[in-house]
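Listed below, chain by chain, are the residues.
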Amino acid sequence: MSSELQPAFMAYFKPSRLSLDSGHHQDLKDQAQARIAFLLRYAGERFEGPYLFGEHRSVADPYLFILCRWAREAFIDLEDCPRLASFQRHMGLDPDVERVLAQYPLRHTGPWALRWLA
């Protein structure tokens, strides 16, 4: 996820980091969006239970949850991948996740972690 999926979001949200020619930016965003959707489907097809690796949460699950939230900002519909959509809903209902999201609400469009790339 950190070597393929997260960098694809940078290409979507900050195409100017990949090309100074603004005429290329929409093409870069379109390619990144397709890549993100492909990688999310790939991850969704590998679920082994309610969590990515089975019945118990691993360190990968909160990370994937955040990447799924970013996907919403990139206009990617997780409903195309039922396991991933179910995972996203399941994680979103977790009391600890709800507490963290209430403490750190999204205040702008795009993933906050990519703001430093501007």
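Described below are features of the structure shown in this document. Computed from a predicted structure; not experimentally measured. (Residues numbered from 1 in each chain as written. Predicted model: local features only at pLDDT ≥ 70, side-chain atom pairs only at ≥ 80, totals over all residues. Heavy atoms only, no water.)

1. Details of the pattern of salt bridges
Pairs may arise between side chains of opposite charge once their charged atoms sit close together. One pass over the structure, following the stated rule, counts five salt bridges. For Arg 46, the salt bridge is made with Glu 45, and the minimal N-O distance between the two is 3.4 Å. (Salt bridge = Lys/Arg side-chain N within 4 Å of Asp/Glu carboxyl O.)

2. A closer look at unusual backbone geometry
With a phi angle near 60°, Phe 75 is a residue other than glycine that sits in the positive phi range. In this fold, Phe 75 is placed in the loop between helix H3 (60-73) and helix H4 (82-92). Assessed through its relative accessible area of 68%, Phe 75 is described here as exposed. (Helix = DSSP H or I, 4+ residues; strand = E, 2+ residues; numbered from the N terminus. Buried < 20%, exposed > 50% of the residue type's maximum accessible area, 1.4 Å probe, protein only.)

3. Digging into the nonpolar core
Counting residues in hydrophobic clusters, the biggest one holds 30 residues, and the most contacted among them are Phe 9, Ile 36, Leu 40, Leu 64, Leu 84 and Phe 87. When residues of this core are traced back to their parent elements, those giving at least two are helix H1 (5-13), helix H2 (25-44), H3 and H4. For this core, the leading source of residues is H3, giving seven residues. (Core = buried A, V, L, I, M, F, W, Y, C linked by side-chain atoms within 4.5 Å.)

So far we have only geometry, and geometry alone does not tell us how the molecule works.
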